[in-house]
Amino acid sequence: MPEARHLNIATKLTIWSCALIAVFFATSAYLFRQVRQDADIAALIVTENHALDSAIQRMLERLGNVQNNIRRYRILGGDQAAVGFIVEDLTRFGEILNETIRKHPRYADEWKDLTSEYEITLDPANSPGDNLAPDDTVRDWTDILEQSLLENQADLEARLTALRDAGRHAANVGMYGLAFCLVIGVGGSLLLAYTLNRSLSEVRRGIRDLGDGAAPRDVRILSGDELGELALAFNAMAARLRREERMRADFIAMLSHEIRTPLTSVREAVDLIGSGTFGEVNEKQKRFLDIAEQESDRLSALLTRLLSVSRLEAEELELAPERVDAAELVHSTLERITPTARAASVTLKGEVGPDLAVRADPAHIRQVLTNLVGNAVKFSGREGTVLVSAARRNQEVVFSVADDGPGVPPDEQKRIFLKYYREPGVRESVDGAGLGLAISRRIVLAHGGRIWVESEPGRGSVFHFTLPASPDEEHS
């Protein structure tokens, strides 16, 4: 079965952009066409309705003048000036009529009576009332023009209504098109940002966890695009790192076990020679035997730490939490480190609040304190002071180990908790394998606590870690 093809990021962006552009241009094209139609209607209103209305009004005005001059002629009994005005108005009326029919041929049939032969009687009537009556011909022409005027006004109102409706419809379409563009633009942007950020967040979380020293873990593959391929590649890298970590842990465990047996033999031999079993030992020989014994102890401690790391990486850390007095943990650790501190001329101090208890595995927490206090003694130098304290903070108990050492640079403070990592400034001057803090971090995290360092170069360091307060302590 062929593998389903997924859209990549460029294709998604192209589809989104094309949809946005298509809606925008469709809306713009419709509005442009509507504007053209509205412009045509407006042109008809101006060139036809308005012009026709103006022409009819002028013709009615001329006919009104003719009608008045006819009355004047009849009443005055043959006023020649009135005849001149009548001829002039009729002439002008004919010119306007012909010009209007030329511009609006559709009125040729309707105004046929206006262009036919006509006759106007100017003789005075038998009675004064008849002299004031309108001329029949002029009256008929007036009726025709007024009817045409009414029809033109009705047509004008219809076109204005159509223009208004078209404008409203265009405004609605423009508004809906704009809203649709906003929906596609903003909604599509948010959807793309969400999908891309969701996939990117998974990869970022995996990289951040890996950078913080956590075990490599797979991330979720949430898309089939380039970010999905990146997540797939990250998972492949994580799987390879896990395999290499298991191989390294197995190698360290095997090497530690293989070295421990001859190391035990070496230590027993040194003890036998030092005890005088094979003859008396002079002072010079005893001094070298003491050095050999110390180095054997140091190598044994290193092997123990390597085995602890291998056991922790294999997730064999088993906790037996119980209620433990914080003061007892601190004091027992200080007693264990006291000989080393005296040899280094370092003063140890402990400050623990009364009735302070935690819920923890005492053996593992003593190991954490031993690692931290041992490092503090190692880095404090002669005549230095190491202060170990514990205090309650909300639902936690915070343990702190402060020293007078050179401090940790800010950019190194997160890295010092990684396995096998040692700060460059002390690699040549201080012994160690970079395992103590990694082991301590794993133990503290297994208890649900946190561990961090506060330090300024040249002003010493303070290592903190938290443990959950004992339930009995919470209710005390």
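## Quick look at a nonpolar patch on the surface
Taken together, the side chains of Leu 178, Leu 182, Val 186 and Leu 190 define a hydrophobic patch exposed on the protein surface, amounting to about 400 Å² of accessible area. Among the structural elements, Leu 182 can be located in helix H5 (residues 136-211).

## Here's the deal with the nonpolar core
Ranked by internal contacts, the top residues of the largest apolar core, which has 38 residues, are Val 358, Ile 365, Val 373, Val 386, Val 388, Phe 399 and Phe 465. Elements represented by at least two residues in this core include exactly helix H8 (326-343), strand E3 (357-360), helix H9 (362-380), strand E4 (385-393), strand E5 (396-402), helix H10 (436-446), strand E6 (451-455) and strand E7 (461-468). Per-element tally for this core: the top contributor is H9, with 7 residues. Filtering out sequence-adjacent residues up to four positions away, Ile 365 remains in contact with Leu 329, Ala 360, Ile 443, His 447, Phe 465 and Leu 467. The next biggest cluster of nonpolar side chains, apart from the first, holds 22 residues, and it includes Leu 52, Trp 141, Ile 144 and Leu 149.

## Considerations on H8
Its 18 residues give H8 an end-to-end C-alpha distance of 26 Å, which sits within 8% of 26 Å, the value for a rise of 1.5 Å per residue. For H8, the principal kink sits at Ile 337 and spans about 45°; a proline, Pro 339, occurs within the next four residues. Buried within H8 we find Ala 326, Ala 327, Leu 329, Val 330, Ser 332, Thr 333, Leu 334, Ile 337 and Ala 341. Each element contacted by the buried residues of H8 is listed here: strand E1 (322-325), strand E2 (347-352), E3, H9, E4 and E5. At the N-terminal end of H8, a side-chain oxygen is found 3.3 Å from the backbone nitrogen of Ala 327, two or three residues along, and the residue is Asp 325.

## Brief notes about the pairing of E4
In this sheet, E4 lies alongside E2 in parallel orientation, the contact comprising 6 bridges. The residue bridging Leu 348 from the neighbouring strand is Val 386, located in E4. Pairing of E4 with E5, which is carried by 7 bridges, proceeds in the antiparallel orientation. Residue pairing across strands places Arg 393 opposite Glu 396, the latter belonging to E5.

Criteria and thresholds
- Going along each chain's sequence as written, the residues are numbered from 1 onward.
- Local features in a predicted model are, by the rule used here, given only for residues with pLDDT of at least 70; side-chain atom pairs are given and counted only at 80 or more, and totals for whole chains, interfaces and linings are based on all residues.
- Side-chain numbers come from the whole structure's heavy atoms, not from hydrogens or water.
- Residues enter patches when they are more than 30% accessible in relative terms and free of salt bridges; like-charged ones are connected within 9 Å and nonpolar ones (Val, Leu, Ile, Met, Phe, Trp, Tyr) within 5 Å.
- Using a 1.4 Å probe, accessible areas were evaluated by the Shrake-Rupley method; residue-level cover was limited to the displayed protein chains.
- Definition used for salt bridges: Asp or Glu carboxyl oxygen within 4 Å of a side-chain nitrogen of Lys or Arg.
- Numbering of helices and strands runs from the N terminus; a helix is a DSSP stretch of H or I covering at least four residues, while a strand is a stretch of E covering at least two.
- In these notes, a set of buried Ala, Val, Leu, Ile, Met, Phe, Trp, Tyr and Cys residues joined through side-chain atoms within 4.5 Å is what counts as a nonpolar core.
- Burial classes: relative accessible area under 20% of the type maximum marks a residue as buried, over 50% as exposed, and values in between as partly exposed (1.4 Å probe, protein chains only).
- Residue contacts are defined here by distance: any two heavy atoms, one from each residue, within 4.5 Å place the two residues in contact.
- To estimate the expected span of a helix, subtract one from its residue number and multiply by 1.5 Å.
- To obtain the bend at a residue, axes are fitted to the seven residues ending there and to the seven starting there, and the angle between these axes is taken.
- Whenever two N or O atoms come within 3.5 Å, that pair is a polar contact, provided that in protein one can donate a hydrogen and the other can accept it, and provided that, for residues adjacent in sequence, both atoms are side-chain atoms.
- Think of it this way: DSSP has to see at least two bridges between two strands before they count as a pair.

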